[in-house]
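# Residue-level structure breakdown
Residues per chain are reported as follows:
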Amino acid sequence: MSHTFKKAMNRLTRWSAISLAAGAAMSVAAQDVGVTATEILIGEVQPMSGPASLIGKAGAAGSKLAIAEINANGGINGRKLRAIYEDDGYVPARSVSSVKKLIDSDKVFGLTGTTGSSHMVAMLPTIEEAKIPTIVHMAPNPAVVSPRRPTVFMIGPDYDYAGYVPISHMVEKMNKKGGKYGILYQDDDFGKALLSGYQKAVKQYGLNSVAEISFKRGAKDFSAEVLTLKDKGANAVYLGTLTTESASIMSEFRRLNMDVTLGTLWAGQLPAAVKLAAPSGYQYLIPDYYASNYDAAGLALMEKAKKFLSADDYANFNRYTVSGYVGTLVFAEGIRRCGANVTRVCVVSELNKLQNFSTGGLSGPVSFNNPKAQAVLPIKLFQTDPASGTVKSVTDFIAY
Amino acid sequence: MNYFMNLVMSGLVIGTLYGMVAMGFAIIYRATGMVNFAQGEVMMLIAYMSYTFATIPGMTFIPLLACVLAASIVLGLLIEWAFIRPMLGEPMFSRVMVTIGLAVVIRSTVILIWGVEPTAFPRPFGNAVIRFGEMALYPGQIFALVSLAVLSLAMWLFFRRSRVGIAMRATSNNETTALLMGINVKRISAIAWALSAVFAAFSGLAFCLMFSLEPEISQMGLRGFPATILGGLDSVVGGAFGGLVIGVVENLAGGYLGRGLKEIAGFVLIIVVLMVKPYGLFGQREIERV
Amino acid sequence: MRSRTYQNSYAGLVALSNQPTAWVWAAIGVLVLALMPTHFGSFGLNMLTAIFVSSIGILGLNLLSGVAGQISLGHAGFLLIGAYSQAILTTDYKVPTLIAIFLSGLIAAIASLVVGIPSLRLKGLYLAITTLAFTFIVRHVVLFAEGITRGSAGMPVDALNIFGVSFKGDVRFYYAALALLLLFIIITLNLMRSRIGRAWLALRDHDIAARAMGIDLMRYKLLAFMVSAFYTGVAGAMVALQTRFINVDTFSILISIEALAMIIVGGMGRIHGAILGTALIIFLPELLSLGFNAAGDNFKTLMADRIYEVKGLMYGVVILLFLRLEPEGMAGIWRKSKRFWVQWPLSQ
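Only a predicted model underlies this, so the values are computations on that prediction, with no experimental measurement involved.

To continue, consider the overall build of chain B. What chain B contains, in helices and strands, is 12 helices and two strands. Going residue by residue from the N terminus, the α and β elements of chain B occur as α-α-α-α-β-β-α-α-α-α-α-α-α-α. A globule of 290 residues ought to have a C-alpha radius of gyration of about 19 Å, and chain B, at 19 Å, matches this closely. Along the first, second and third principal axes, the C-alpha atoms of chain B reach 55 × 50 × 35 Å.

Rendered as structure tokens:
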């Protein structure tokens, strides 16, 4: 690079720096990014297309519901809430570019939707650099809060609990301590977390674990895995699977005439999953930290959804809608506590102090005042009733 | 039944799906020399259309099957006429790319119309397990096995006995010469696509009856490739056989080796076979001239 | 009196172009790209960087499929190898990041022999499916070898750091990507007009005749795979450096298919086609978003949350339109526009 060119570039950089500083000085007097006198802009990155679109759309719908409800009640201290939703198609590279767009082009004040677990990890450097307040609720990944990022708050217990709670219940309340235990888990970090929760329960109660089988995400046919379980004589199985796989596995169990006690994770609550699994006739346990389609508080929210959301969103109401709703609700609370002077610094400090915030029965109380700023919510257990195709709750919200 | 036999049985059942998809690939390759990357998506579209037919009140199985077959033939002819025929004469790469573009379009359209939620497909034969001695099968699984057997037999007879079969081979070999010989190339192409849609219909129905109606049906297209290659890209009956083999090998790998090797067992197998037989087990060796 | 243009030095004979205008336009192009950061914010720069990085990979695929005629669906597999090599080399073996980029390319090139050797026996679509199998197997190996690759959890990647100068920011990385792309374009131009490039073209068009003319098929086929894999491995390493976190989901089979779309839409076998095709395919979702926003709020509420499927639909439709209306792709449009411009006002 020639000397004159370098000098020119240096001058350019110097002028850019000066003008930026001047701009910054001027903007301090004005509102914070994304905040005007009448409106606060927040952003969400969700998988609205692709394999996880069911989850992403529900999360976005929940957020829309919270915003509609808040705005109908006059907004937050006189300001309305507005949100921009970006689709990342469940690809981490797109999550990063979406979040950059939200932060740099759209200039949002905060983030209330952060797509999947590995996608959130990919977005972390950008989020940390921008110091933007972020609520993580759809995929509570422990890696996000260890180490603690100053502006990131997480709602939800680690996935380990999903693996631990049903097994613990089977032993303590269903008298299955002497059973032969098995687990089917997906071969990614989400599945591994379930496995570690399961193993924790096995160790704690001294159980006989006969089969720990991993499978690739997207698999449809589980005949080999189920046959392995039968061969090992498993009669208490944890299914670390999402919607349709659980139904397919249960139908294999039925075909081989296996008498098994089953537990799965919170996605098993989705109405589509319950309906698909009903013909196989198994009553399986579902842990969740949200109350959704089968609970009084959830049903009340569904009534609001009918009023504020589109017909499609209402028809697809599930526990991820509740998750989206709670995430935005908590963020809005942080904004509310800042009164008229809404800045990122203020919201972050208010959220840090949040303790026992009530979500109206949709979950346990939300508290961020702990080292990881993670609201480890208590978990409720549900059980399906295949005869009627419904789900009833078995326990209340219990902190494990 | 012992572990091994059970694994084989389940492998055969899932293999029928691979086999029917493979047959769909093979018939198009045999007639036109191209691979239809949209096979899985066509299967998905027909499956969703069948669902709409099945929810018409009073629809029992035979009328449903008839409707589905008619619809699939029309769909196959339509796709061929609208998307494939205009590309006759273009380089193979572009023609194959059209099927890829078509796959994206069909998948988006289906989700647009029917939504993403998985739904239970109506079970016309009920859901009770049928037990033959020690073996147990669902009606949907029996349907899949019977379909594959019937289709393979029909295709074997078709290519052995009918002139259209031989005409197909001529067309894929050299279109211009076939035209000079008086073969109606456009008609052959249309027939191939219609037949491929019929295979897609059966495999789509089998999938829905065994599992559920969901957007992931389109992934079956990709999963069917190893079966096609194993049997030979231009051998329809070979494709059926390849499907069964891949299904069984996958299940045995899953049952005895575990650790996720089930998914790549099929791919490893075809690489090994291709080293020995570069055109698959039953494929025709392509003779190239300078 | 001049009868034709003579070159009286060896340098003049082997120059990439002896037209001064070509060099001037190239310099202007590079200058425009270099000044982009002053106009575009982080998001725009991110997209341009993505285009540059993908172009490197697509140039490689273009050499393999467009020039040498070996259809490959294994693009995603080589990207994966390149990205993970970069991550593992810099994290576990403390290799300097710049060197690691080229080492990643090298590792991918060696891995390509796994596909290259079967390619000696296989043709056409059999080869394509084998490369697809390769992608699946690579994915599986990455998940399986947890000790090295951290399995499904993915790996964070250190930022690019050349001789102590950190290239972490968007602007700096943009320049790094631009520089690397220019380097690879020059390499490609040289390859294409060398003996190797000509041998590849012969391989594509009529390989049996080529062999009859004395071109060693085995050598050039393997070379095509290895060179293409080198490019793609480097591209994978750059993707890892850009997103700073990788896992197997970052490179799915759809990437291979998207890559093919890029070279087809761009125009097979042409360098400027490859780059234009990449730019178009990456811009396409944004263009569609702009189009939808311009269509107004009524349209948006009509579509509501179906908008994502409509976008996917439009994506496929654009590809189909290109194939149907302009089989030569963007390179063809460029060529025709150039001819129109040159022949104006007599152009037809």
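After that view, the rundown keeps rolling.
Right, let's talk about the overall build of chain C for a bit. The helix and strand tally for chain C stands at 17 helices and four strands. A globule of 348 residues ought to have a C-alpha radius of gyration of about 20 Å, and chain C, at 21 Å, matches this closely. In chain C, the share of contacts with a sequence separation of at least 24, taken over all contacts with a separation of at least 6, comes to 76%. When the accessible surface of chain C is totalled, it reaches about 16,200 Å², and 68% of it is carbon and sulfur. If the 26 positive side-chain charges of chain C are averaged to one point and the 15 negative ones to another, these points end up 13 Å apart.

Moving on: the pattern of salt bridges. Residue and element names in this part refer to chain B. Under the counting rule described, the total for this entry stands at 26 salt bridges over all chains. Here Arg-107 and Glu-41 are joined by a salt bridge, their closest N and O atoms 2.6 Å apart. Here Arg-107, found in helix H4 (residues 92-114), pairs with Glu-41, found in helix H2 (residues 39-54); they are 66 residues apart in sequence, far enough to count as distant. A relative accessible area of 28% means that Arg-107 is categorised as partly exposed. One salt bridge in this structure joins Arg-85 and Glu-80, with 2.9 Å as the shortest N-O distance. Classification of Glu-80 as buried rests on a relative accessible area of 1%.

What follows concerns the sheet that holds strand E9 (residues 261-264) of chain A. Residues and elements named next belong to chain A. The mixed open sheet is built from seven strands, whose spatial order is E7-E6-E8-E9-E10-E12-E13. The outermost strands of the open sheet, each flanked by one partner alone, are strand E7 (208-215) and strand E13 (390-393). On average, adjacent strands in this sheet sit at an angle of 25° to one another, irrespective of strand direction. Bridge count between strand E12 (residues 380-385) and E13: four bridges; the pairing is antiparallel. Residue pairing across strands places Asp-385 opposite Thr-390, the latter belonging to E13.

All names here are of chain B. Using the criterion set out here, one finds 26 aromatic pairs over all chains in the structure. Ring centres of Tyr-3 and Tyr-256 lie 5.4 Å apart, and the angle between their planes is 80°; on these two criteria the pair is classed as edge-to-face. Separated by 253 residues along the polypeptide, Tyr-3 in helix H1 (residues 3-32) and Tyr-256 in helix H11 (residues 236-257) bring together distant segments of the chain. Take Tyr-256: its relative accessible area is 47%, and that puts it in the partly exposed class. Considering the side-chain rings of Phe-241 and Phe-282, the 5.6 Å spacing of their centres and the 75° angle between planes classify their relative orientation as edge-to-face.

What follows concerns the interface of chain B and chain C. The interface is formed by 46 residues belonging to chain B together with 40 residues belonging to chain C. Around 4,000 Å² of area is buried between chain B and chain C when both sides are counted, 80% of it from carbon and sulfur atoms. Across the contact surface, chain B and chain C share zero salt bridges. Across the chain B-chain C interface, the total number found is four residue pairs in polar contact (both at pLDDT 80 or more). Looking at the side of chain B that touches chain C, the elements that each hand over two or more residues are H4, helix H10 (225-231) and helix H12 (261-276) of chain B. With 14 residues, H4(B) is the single largest residue contributor to the side of chain B that touches chain C. Its residues placed into classes, the side of chain B that touches chain C shows 32 nonpolar, eight polar and six charged.

Below, the discussion takes up a nonpolar patch on the surface. Residue and element names in this part refer to chain B. Taken together, the side chains of Phe-4, Met-5, Tyr-256 and Leu-257 present a nonpolar region at the surface, about 420 Å² in accessible area. Mapped onto the nonpolar patch, the elements with two or more residues apiece are H1 and H11. On the secondary structure map, Phe-4 appears in helix H1. Residue Phe-4 is classed as partly exposed on the basis of its relative accessible area of 39%.

Let us now look at the state of the cysteines. All names here are of chain B. This structure, assessed with the given rule, holds one disulfide over all chains. With no disulfide of its own, Cys-67 has Cys-208 as its nearest cysteine by sulfur position, at a separation of 16 Å. Note on Cys-67: relative accessible area 29%, which makes it partly exposed. For Cys-208, a relative accessible area of 0% gives the class buried.

Attention shifts here to helix H5 (residues 97-111) of chain C. Counted at 1.5 Å a residue, the expected span for H5(C) with its 15 residues is 21 Å, and the 21 Å between its end C-alpha atoms agrees. Taken as a whole, H5(C) has its buried residues at Thr97(C), Ala100(C), Ile101(C), Ser104(C), Gly105(C), Ala108(C), Ala109(C) and Ala111(C).

Attention now moves to the interface of chain A and chain B. How big an interface is tends to be expressed through the accessible area that disappears when the partners come together. Taken residue by residue, the interface counts 29 residues in chain A and 30 residues in chain B. Across the chain A/chain B interface, buried area totals approximately 2,400 Å², and carbon plus sulfur atoms make up 56% of it. Residues Asp221(A) and Lys262(B) are paired through a salt bridge, measuring 3.9 Å at the closest nitrogen-oxygen approach. Connecting chain A to chain B are 10 residue pairs in polar contact (both at pLDDT 80 or more). Those elements that place two or more of their residues in the side of chain A that touches chain B are helix H2 (53-72), helix H7 (223-231), helix H8 (243-255) and helix H9 (271-277) of chain A. Taken together, the residues of the side of chain A that touches chain B break down into 10 nonpolar, 11 polar and eight charged.

What follows is about the environment of Asn46(C). Mapping Asn46(C) onto the fold places it in helix H3 (residues 42-67). With residues up to four places along the chain from it excluded, the contact list for Asn46(C) reads Val96(A), Ser97(A), Lys100(A) and Gln242(C).

Moving on: the nonpolar core. By size, the foremost hydrophobic cluster in this structure holds 287 residues, and its most contacted members are Val330(A), Phe368(A), Ile27(B) and Trp200(C). The dominant element in this core, judged by the number of residues it contributes, is helix H8 (residues 185-210) of chain B, at 17 residues. In contact with Ile27(B), other than residues within four places in its own chain, are Met155(B), Phe159(B), Met168(B), Ala192(B), Leu195(B), Ser196(B), Phe199(B) and Val236(B). By size, the runner-up hydrophobic cluster in this structure holds 32 residues, among which are Val226(A), Leu229(A), Leu239(A) and Leu256(A).

This part covers unusual backbone geometry. The omega torsion across Ser146(A) and Pro147(A) is 10°, close enough to zero to call that bond cis. With an omega dihedral of 5°, the bond running from Trp344(C) to Pro345(C) counts as a cis peptide bond. Tracing the chain through its elements places Pro345(C) in the segment after helix H17 (329-343). Despite not being glycine, Tyr90(A) shows a phi value in the positive range, around 65°. Tyr90(A) gets classed as partly exposed once you look at its relative accessible area, which sits at 25%. For Lys131(A), which is not glycine, the phi torsion reads 50° and is therefore positive. If you trace the backbone, Lys131(A) turns up in the loop between helix H4 (117-130) and strand E4 (134-136). Residue Lys131(A) is classed as exposed on the basis of its relative accessible area, which comes to 56%.

All right, on to the confidence of the model for chain B then. When pLDDT is averaged along chain B, the result is 88; 98% of the residues meet or exceed 70. When pLDDT is averaged over each element of chain B, H2(B) comes out on top at 94 and helix H6 (residues 163-173) of chain B at the bottom at 79.

Bringing helix H5 (residues 139-161) of chain B into the picture now. Taking 1.5 Å of rise per residue, 23 residues should cover 33 Å, and H5(B) covers 32 Å from first to last C-alpha, within 8% of that figure. Taken as a whole, H5(B) has its buried residues at Pro139(B), Gly140(B), Gln141(B), Phe143(B), Ala144(B), Ser147(B), Leu148(B), Leu151(B), Ser152(B), Met155(B), Phe158(B) and Phe159(B).

With that settled, consider the confidence of the model for chain C. For chain C, per-residue confidence averages 86 on the pLDDT scale, and residues scoring 70 or more make up 96% of the total. If you check the scores for this complex, the pTM reads 0.86 and the ipTM reads 0.85.

Each value, and the rule that gives it
Residues numbered from 1 in each chain as written. Chains lettered and ligands numbered in written order. Predicted model: local features only at pLDDT ≥ 70, side-chain atom pairs only at ≥ 80, totals over all residues. Heavy atoms only, no water. Helix = DSSP H or I, 4+ residues; strand = E, 2+ residues; numbered from the N terminus. Rg over C-alpha atoms; globule rule 2.2 N^0.38 Å. Contact = heavy atoms within 4.5 Å. Areas by Shrake-Rupley, 256 points an atom, 1.4 Å probe, with all protein chains shown as cover. Lys, Arg positive; Asp, Glu negative; His and termini not counted. Charge placed at Lys NZ, Arg CZ, Asp CG, Glu CD. Salt bridge = Lys/Arg side-chain N within 4 Å of Asp/Glu carboxyl O. Buried < 20%, exposed > 50% of the residue type's maximum accessible area, 1.4 Å probe, protein only. Pairing = 2+ DSSP bridges. Axes fitted to C-alpha atoms, helices over the stretch in contact; angles between N-to-C directions. Phe/Tyr/Trp six-rings, centres within 6.5 Å; stacked < 30°, edge-to-face > 60°. Buried area = accessible area lost by both parts, 1.4 Å probe. Polar contact = N/O pair within 3.5 Å; in protein donor to acceptor, adjacent residues only side chain to side chain. Nonpolar A, V, L, I, M, F, W, Y, C, P; charged D, E, K, R; others polar. Patch = residues over 30% accessible without salt bridge, like charges linked within 9 Å, V, L, I, M, F, W, Y side chains within 5 Å. Disulfide = S-S within 2.5 Å. Expected span 1.5 Å × (residues − 1). Core = buried A, V, L, I, M, F, W, Y, C linked by side-chain atoms within 4.5 Å. pLDDT = per-residue confidence, 0-100.

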